[in-house]
Amino acid sequence: MIRFLLITLFASISLSGIGQNTISGVVTDAQSGETLIGANILIEGTSVGTATDINGEYSLSLENGSYTLLVSYVGYDNQTREVSVNNNDIKVNFVLESQLLIDEVKVVADVARSRETPVAFSTLTPEKLQEVIAAQDIPMVLNSTPGVYATTEGGGDGDAQVTIRGFSSRNVGVLLDGVPVNDMETGHVYWSNWFGLDAVTRSIQVQRGLGASKLALPSVGGTINIITKGMDSRKGGSIKQELGSDGYTRTDIGYTSGEIGNGWGFSVAGSYKQGNGWVDQTWTKGFFYYFKVDKRLGNHTLSLSGYGAPQSHAQRSYMLSIQNYDAQVARELGVPEEDIEAATPMGIRYNQHWGYLARTKDNPNAESKPFSERVNEYHKPQFTLKDSWNVNEHLFISNIAYLSIGNGGGVRAKSTPSTNEETRQMNFQTFYDKNISDGSINLAFDDQLHAASNYMIRRVNSHRWFGLLSTLNYEINDLNTFSGGIDLRSYRGIHYEEVYDLMGADYAVFDYITDWDDATKSKYMLKEGDKNNYHNDGFVRWGGLFGQWEYNNDILSSFINLTVSNSGYQRADYILMRKTSDVEQRDDFNYETIDGNLVEFTDWKWFPGYTAKGGANYNFTKRMNAFANLGYLSKAPRFNNVFSYDNVLFYNFDNEIVKAFELGYSYNSTIFSANLNAYYTIWENKPMDSATKKSVETSPGEYEEFSLNIKGMDALHKGVELDFIFKVNEQIDIQGLISVGDWRWNSSDSVRIYDDNQNLLTTEFFDATGVHVGNSAQTQIAGEIRWEPFDGLYFKPRVTYFADYYAEFDPISLDGTPDSYEWYNEETGEHGNARDSWRIPPYMIFDFHAGYRFELFDQRFQLRANMLNVLDKKRIVRAENNSGYIDVNYTDFDAKSAGVFFGLGRTYNFSLKMFF
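Residues numbered from 1 in each chain as written. Predicted model: local features only at pLDDT ≥ 70, side-chain atom pairs only at ≥ 80, totals over all residues. Heavy atoms only, no water.

Explain the overall build of the protein chain here, please?
The helix and strand tally for the protein chain stands at 7 helices and 52 strands. Counting the 916 residues in the protein chain, one finds 54% classified as buried. Within the protein chain, counting contacts between residues at least 6 apart in sequence, those at least 24 apart form 67% of the total. Counting every atom, the protein chain has about 39,900 Å² of accessible surface; 53% of that belongs to carbon and sulfur. (Helix = DSSP H or I, 4+ residues; strand = E, 2+ residues; numbered from the N terminus. Buried < 20%, exposed > 50% of the residue type's maximum accessible area, 1.4 Å probe, protein only. Contact = heavy atoms within 4.5 Å. Areas by Shrake-Rupley, 256 points an atom, 1.4 Å probe, with all protein chains shown as cover.)

Next comes the structure, spelled out in structure tokens:
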């Protein structure tokens, strides 16, 4: 009897399980990748359903059959999915689009979309960003993107630079919530100004090539598009604490309200960091603040945001010879033994810009402390007011007004202090003691006060920048869309030298004394905060119109984009402490007296430019698509290539011309996805990033130094890129990339040097044909494995290999003489190619990342650990041929003639984040 009952019981249990299946998955935000808590999952046509848990996960038990799953979440578009189950468990994940961001991201921020936008791009979600950021500058994590090369430069915090497809950051457009942030004079992006931005980032997208932006950006190499969080993001907050190597610590706190009623929402965040730096005495200290307030008013969404990062950090500014860092590396690279023996190798952490300072006149018995000679101090708050207007289901209009106020500059010694021969550190105490000694009394000025023999200055580079960006998007019908708008910018760059720290002295003597008597000499006795040496302003006016037509029928999508712009430049030179009668005023300049100083204004110089680009994407199947794009860009020269430091207009400048073509193919499945791209970019009339100095004989035995604006350099950038992800199973993902470029200069030309009366003094010739473009690795191979053995725990080892990396060079060094060619026949004049730039040794870096997500006392936590350069690999990350800062004067193209920066050694970082 008992046996019968047991058989019946087990049979009933078994029969009751027949036809029961589990459908489970996770619901995430399409832009940020964040999981959505409380999203509803319903079986359409029934009351059966569930909601996602604290991890954004759901699970449903269903009998055999076919069902339609409907997922909904407040502020997001609903999504449905057809599923069938038959005695099997399946996973179904959902990625929802924010209703607020659909128009805003596509229209304003120009974010590319898979299988639709015909450009090569990679998107980094906040989750992926936080896994690998590890106290680095944002550009450093982009080395996981094909064609991107980012370095820490001298090793100072925030000093990272990034190139895309061999084009420097000056030619990579950076957008923050749709607003351009490249400096209007130089094109640079200074990442120290954006510390803390990773804490509020919704997504980062790198578009390679001319990209999808409608604006007339300097995006020759690509565009970096950063989107921050708003009320469309998930409600909640977090507190995060980081600890790292070399005394690094950082604390973050942030909160996002979501939509809190009556159309209101807000996000706030703050951060503080400090550290000693891996490179000697490259300490850092900074704050970050961020706020965004959103308000829905009918069909309008108003948004006011502001962010800034007041910071200061010490730097290592100049490259040195290899033997000054490491004798063994120098030998391996062929540096002559006599150069190595003459040097004092100090290790790759060595920083020449510091020393010790102890005694002061206020505290003669003070303890000796490190004192830095290169310090960057800056604060660049940016404020944005945005109106997003859904006029109707066909028309969307966005208006953005923004203001950027930059204040600060670089602190350094007026003249380079002497260096201790043994420690190779600067002798600050020596010149401080001299400043407070009786020997520093200059009787011509005062018989009691001490004149500074040397002192600290600050080179101020502030700015005032405001702009208006207005965009409309009109859906003509289901297939065609038109968008267009205006882009207006006004910029003033403010540049001067000021006395920062008199280092014990009572005053410093003005550099340029034009009149002298007892009644006027006091104005030449400078106090801290007084201007000296130079003071100039750069004015930039920018106006642009853009229009774009798009076609999309789900199989074929295409676009045509046209932009026109007009860039105006004017330079003002403050002639410090001179009377109008003392200045020989030049024709074609305007003069005004401002605050007692005569100011010389150039005329406005205007440069029209335009862009024409288009592309198409074709979806062959649900898994395969291909695209092509091409473009023509006429780009105005940068401000620094128009005016010299002497307030003189450079001669013979023209727009830069860029012609680009690209092909791409993508395959996507749940197991394997890959993207393959090929590009071909011609760059004509590219100027050097900065003017080259040349000493010219102006009369017998007399020489004068001139700034040469080298233009007319043509380059060809071509290459192939592949990236992929292979999902081995639910726990293991394998990602990889290969990028192979061939970037070469393709021109020879001459540079003519004129005097102030436009008389030709001399002509300098250069031939750079076939020389590789420097400052970026042309071969990049990387791979990583992400293993999640169980929910919440992950391990991510990553390896990156860079090769075919060439040093920067001065084109004038390739002057057409026999030594500038690989071979030269003295009798016939025949020659080979121009001597190539020095090829830096290839290197491989191994990084390791891990993390664990867990719950404790009903709170979610995220623990992360990161180690960068695990094997402590020594490698050169930047080099310049014949650098002006090396000890030995060479004019060759090899290791002995190069100034270099070494990359950082092994560093580590731990963080704990609590969500609430």
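The structure having been displayed, the exposition proceeds.
Please explain the pattern of salt bridges as it appears in this structure.
Between side chains of opposite charge, a pair can form when the charged atoms approach closely. Enumeration according to the criterion identifies 38 salt bridges in this entry. As a salt-bridge pair, E131 and K796 come within 2.6 Å of each other at their nearest N and O atoms. Taken together, the residues E131 in helix α3 (residues 126–132) and K796 in strand β46 (residues 793–806) connect sequence positions 665 residues apart. Close ionic contact of E259 with R296 constitutes a salt bridge, the shortest N to O distance being 3.1 Å. Taken together, the residues E259 in the loop between β17 (249–256) and β18 (264–275) and R296 in strand β19 (residues 284–297) connect sequence positions 37 residues apart. With relative accessibility at 42%, the residue E259 sits in the partly exposed group. Assessed through its relative accessible area of 29%, R296 is described here as partly exposed. A single salt-bridge network, built from bridges that share partners, covers E131, E784, R786, E788, K796 and R798. (Salt bridge = Lys/Arg side-chain N within 4 Å of Asp/Glu carboxyl O.)

Which parts of the structure should I look at to understand the sheet that holds strand β5 (residues 65–72)?
The pairing of strands in a sheet happens through backbone hydrogen bonds and is either parallel or antiparallel. Taken in spatial order, the 4 strands of this open sheet run β3-β2-β5-β6, and their pairing is antiparallel. The sheet is open, and its two borders are formed by β3 (49–51) and β6 (79–85), each paired with just one other strand. Within the sheet, the average angular offset between the axes of one strand and its neighbour, ignoring direction, is 20°. Two elements, strand β2 (residues 40–43) and β5, share 4 bridges in a ladder whose sense is antiparallel. (Pairing = 2+ DSSP bridges. Axes fitted to C-alpha atoms, helices over the stretch in contact; angles between N-to-C directions.)

It is not clear to me how the sheet that holds strand β14 (residues 201–208) should be interpreted in this structure. Could you clarify?
Ordered in space as β9-β14-β15-β12-β13, the 5 strands form an open sheet in which the pairing is mixed. Among the strands making up the open sheet, the edge pair consists of β9 (120–124) and β13 (179–180). Where β9 and β14 come together, 5 bridges link them in antiparallel fashion. Opposite A120, over in β14, you have R208 as the bridge partner.

Quick question: what am I supposed to make of the side chain of R878 here?
Among the structural elements, R878 can be located in strand β50 (residues 876–881). If near-sequence neighbours (up to four positions away) are discounted, R878 is found in contact with E153, M319, N775, Y805, E808, I840, G899, V900 and F901.

Just to check I follow, could you spell out the nonpolar core for this structure?
Within soluble globular proteins, side chains that are nonpolar tend to cluster in buried spots. If you look at the biggest cluster of nonpolar residues, it comprises 32 residues, and the most contacted ones within it are L142, W191, W194, I204 and I224. When contributions to this core are tallied by element, the ones reaching two or more residues are α3, α4 (138–141), β10 (148–151), β11 (161–164), β12 (172–176), β14, β15 (222–228) and β19. Dropping the residues within four chain positions of it, I224 is found in contact with L142, V162, I164, V172, G173, V174, L175, W191, I204, Q205 and V206. The next biggest cluster of nonpolar side chains, apart from the first, holds 30 residues, and it includes I322, W838, A879 and F902. (Core = buried A, V, L, I, M, F, W, Y, C linked by side-chain atoms within 4.5 Å.)

Looking at this structure, I do not really get the pairing of β17. What am I missing?
Remember that side chains alternate between the two faces of the sheet whenever the strand is regular. Note that strand β16 (residues 236–244) and β17 share 8 bridges and pair antiparallel. Bridging from a neighbouring strand, I239 pairs with I253 of β17. Bridge analysis of β17 against β18 gives 8 bridges, and the strand direction is antiparallel. Paired with G254 across the strands is A269, a residue of β18.

What is the right way to read a nonpolar patch on the surface from this model?
Taken together, the side chains of L468, I486, L488, L545, V564, Y610 and Y632 define a hydrophobic patch exposed on the protein surface, amounting to about 570 Å² of accessible area. Here L468 lies in strand β27 (residues 456–475). (Patch = residues over 30% accessible without salt bridge, like charges linked within 9 Å, V, L, I, M, F, W, Y side chains within 5 Å.)

Please clarify how helix α7 (residues 428–436) should be interpreted in this entry.
Along an α-helix, residues three or four apart share an orientation, since each turn contains 3.6 residues. Along α7, the residues classified as buried are F428, Q429, F431, Y432 and N435. Next to the buried residues of α7 lie β22 (354–357), β23 (369–372) and β27.

Whenever I open this one, the packing of aromatic side chains confuses me. Can you help?
For any pair of aromatic rings, the description rests on two quantities: the centre-to-centre distance and the angle between the ring planes. Throughout the structure, instances matching the rule amount to 35 aromatic pairs. Measuring from centroid to centroid gives 4.9 Å for F371 and F428, while their planes differ by 65°, and the two rings are edge-to-face. In this pair, F371 sits in strand β23 while F428 sits in helix α7, placing the two residues 57 residues apart along the sequence. Sitting above the plane of the F94 ring, R81 keeps its charged end 4.7 Å from the centroid. The ring of W542 carries the charged tip of R489 above its face, separated from the ring centre by 4.3 Å. (Phe/Tyr/Trp six-rings, centres within 6.5 Å; stacked < 30°, edge-to-face > 60°. Lys NZ or Arg CZ within 6 Å of the ring centre and 35° of its normal.)

Sorry if this is basic, but what is going on with the confidence of the model for the protein chain here?
It should be kept in mind that the predicted coordinates are not to be read in detail where pLDDT is low. Averaged over all residues, the pLDDT of the protein chain is 87; the fraction at 70 or higher stands at 89%. Contacts from residues 4–17, a stretch scored under 50 in pLDDT, to residues over four places away or in other chains number 0 contacts. (pLDDT = per-residue confidence, 0-100.)

In this structure, what is going on with the environment of G615? I would like to understand it.
The residue G615 is located in strand β35 (residues 605–619) in this model. The buried category is assigned to G615, whose relative accessible area is 11%. Sequence separation between G615 and E662 is 47 residues, and the spatial gap between their C-alpha atoms is 9.1 Å. In contact with G615, other than residues within four places in its own chain, are P118, S557, S558, F559, A628 and N629.

So what exactly am I meant to see when it comes to unusual backbone geometry here?
Backbone geometry follows two general trends: most residues other than glycine have a negative phi, and most peptide bonds adopt the trans configuration. Look at N262: it is not a glycine, yet its phi comes out positive at around 60°. Overall, N262 belongs to the exposed group, its relative accessible area being 68%. The phi angle at N685 is positive, at roughly 65°, despite the residue not being glycine. Structurally, the position occupied by N685 is in strand β38 (residues 672–686).

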